[in-house]
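Examination of the molecular architecture
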Amino acid sequence: MIISTVLSEKPLIEGNSVTLPMVKVGTKAYDRKGKEYILTKEALESGAESWMNGIVTINHMVKEKGKITKSWFEDPYVYATFEDLSQETIDAINSAAYRGVSQESEPLEVKGSDVLKLKGTGSTFVFYPFKPACPMKEGCGIPIASCDPEFNFPLYSYNENFESNTPGGVNIADENTTKLESTISEQKKEIAKLESTVAELRQELKEKDGKIESTVNAAVKAALESHDKALKEQTERDAVLSELKSTVSDETLEGLREAPVAILKSTLAAIKESAGKRVGANNGTGVQSTKGDVIDYASLGVTSIEVE
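To keep things clear, this report deals only with the structure shown in the data block. (Residues numbered from 1 in each chain as written. Predicted model: local features only at pLDDT ≥ 70, side-chain atom pairs only at ≥ 80, totals over all residues. Heavy atoms only, no water.)

**Some points on the nonpolar core**
Selection rule: Only buried residues count toward a nonpolar core. Its members are Ala, Val, Leu, Ile, Met, Phe, Trp, Tyr and Cys residues joined through side-chain atoms within 4.5 Å. For the exposure calls, accessible area comes from a 1.4 Å probe over protein chains only, and a residue counts as buried if that area is under 20% of its type's maximum, exposed if over 50%, partly exposed in between. Between two residues, a contact is recorded if the distance between any of their heavy atoms is within 4.5 Å.
Of all hydrophobic cores here, the largest spans 29 residues; its most connected members are Leu39, Leu44, Val78, Phe82 and Phe125. Residues within four places of Val78 in sequence aside, it is in contact with Leu20, Pro21, Met22, Val23, Leu44, Ala48, Trp51, Trp72 and Phe73. In terms of nonpolar packing, the next biggest core, distinct from the first, is built from 10 residues, Leu244, Leu256, Leu268 and Ile271 among them.

Written out as structure tokens, the structure is:
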């Protein structure tokens, strides 16, 4: 693809439609590697209509919604009509930021540096800080204009230092390089701060995980100890109830089932102690010990018959 930029008479603007000269006979054009071509009358006259329906952009980068609805040759220019352009683009064309319109085409036949045949592929509106690819005296480009310092085209900031002597190119000025480096430095600081915050959060999470693990382990230990205690108590209860079963009535045993193990053991011990003493009749409800004491088995839920 080869590119050249032209600016002659003022564009004709009607609503969102713009008509203007797009390229001039003898204009110098350049490919992406900077190789120079000359656009001949033969090429422009035969290929003038090939720009119809071509793509429309801003500074060869930003897609514009408008389209080329008509293109024709009128010596020494190829003219084009652009329709349905955005209001932003129309306003920019009417401003001091406007630099011209640049054609984009593919050379089909070249002799030396002269383009004899071409096919138009699109066109772009050139705005500051970009500049045309060749001098005004050769049919394209304009001298550096005195722009309104307050102007700020939404897509590109105002700054004359963006101008480059490289055909069709732009360089970033030292001032802007400094600003860019400053921005990058600030972003690096912000990234470092974020990385530090992430590290702190990870450490906090690790500590919390440790505390959670400790709490869970303590809870599991307590649960196991409680289970072991309950199991031991149940075993002791079953053993005591088993012994009591042979010494008390079923009714009495049933009443003792829910009693604490300590009471069951105390009851069993009392029965065993009483059973070890000399037995004698005493009103049918107790027995006389060898020491003459009367043991009331009825209060223990045990009959004198069961003791005998």
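**Details of the packing of aromatic side chains**
Given two aromatic rings, their pairing is described by the distance between the two centres and the angle made by the two planes. Applicable threshold: Aromatic rings from Phe, Tyr and Trp, taking only the six-membered ring of Trp, are treated as a pair when their centres fall within 6.5 Å; an angle between ring planes under 30 degrees marks them as stacked, one over 60 as edge-to-face, and anything in between as tilted. Two limits define a charge over a ring: the Lys NZ or Arg CZ must be within 6 Å of the ring centre, and within 35 degrees of the ring normal.
Evaluation of the coordinates by the stated rule reveals four aromatic pairs. Ring centres 5.9 Å apart and planes at 70° place the aromatic pair Tyr77 and Tyr79 in the edge-to-face group. No difference in accessibility class separates Tyr77 from Tyr79, as the two residues are buried. Joined through ring pairs, the aromatic side chains of Trp72, Tyr77 and Tyr79 make up one cluster. The cationic tip of Lys70 hangs over the ring face of Trp72; the distance from NZ or CZ to the ring centre is 4.8 Å.

**Focus: the side chain of Gln103**
Inclusion rule: The helix count covers DSSP runs of H or I at least four residues long, the strand count covers runs of E at least two residues long, and both are numbered beginning at the N terminus. For the purposes of these results, a polar contact is taken to be a pair of N or O atoms within 3.5 Å, where, inside protein, one atom must be able to donate a hydrogen and its partner to accept one; residues adjacent in sequence count only when each atom of the pair is a side-chain atom.
Relative to the assigned elements, Gln103 resides in strand 10 (residues 98–111). Here Gln103 falls in the buried class, since its relative accessible area comes to 0%. Reaching out from Gln103, the side chain makes a polar contact with the side chain of Ser105 at a distance of 2.9 Å. With residues up to four places along the chain from it excluded, the contact list for Gln103 reads Ile2, Ile3, Ser4, Met22, Val23, Ala29, Leu39, Trp51, Gly122 and Ser123.

**Concerning the environment of Leu85**
Mapped onto the fold, Leu85 is located in the loop between strand 9 (77–83) and helix 2 (87–93). Judged by relative accessible area, which is 1%, Leu85 ranks as buried. With near-sequence residues (within four places) excluded, Leu85 lies in contact with Asn16, Val18, Val56, Glu64, Lys65, Gly66, Ile90 and Phe125.

**Here's the deal with helix 5 (residues 261–275)**
Note the following rule: The span you would expect from a helix comes to 1.5 Å times its residue count less one. Working note: the arc is built from the helix axis to C-beta atom directions.
The end-to-end C-alpha separation of helix 5 is 21 Å, in line with the 21 Å expected for 15 residues at 1.5 Å each. For helix 5, every residue scored as buried is listed here: Val261, Leu264, Thr267, Leu268, Ile271 and Ser274. Down the axis, helix 5 shows its buried residues gathered within 160° of arc, on one side only. Set apart from the buried face of helix 5 by more than 90 degrees, the exposed residues are Ala262 and Glu273.

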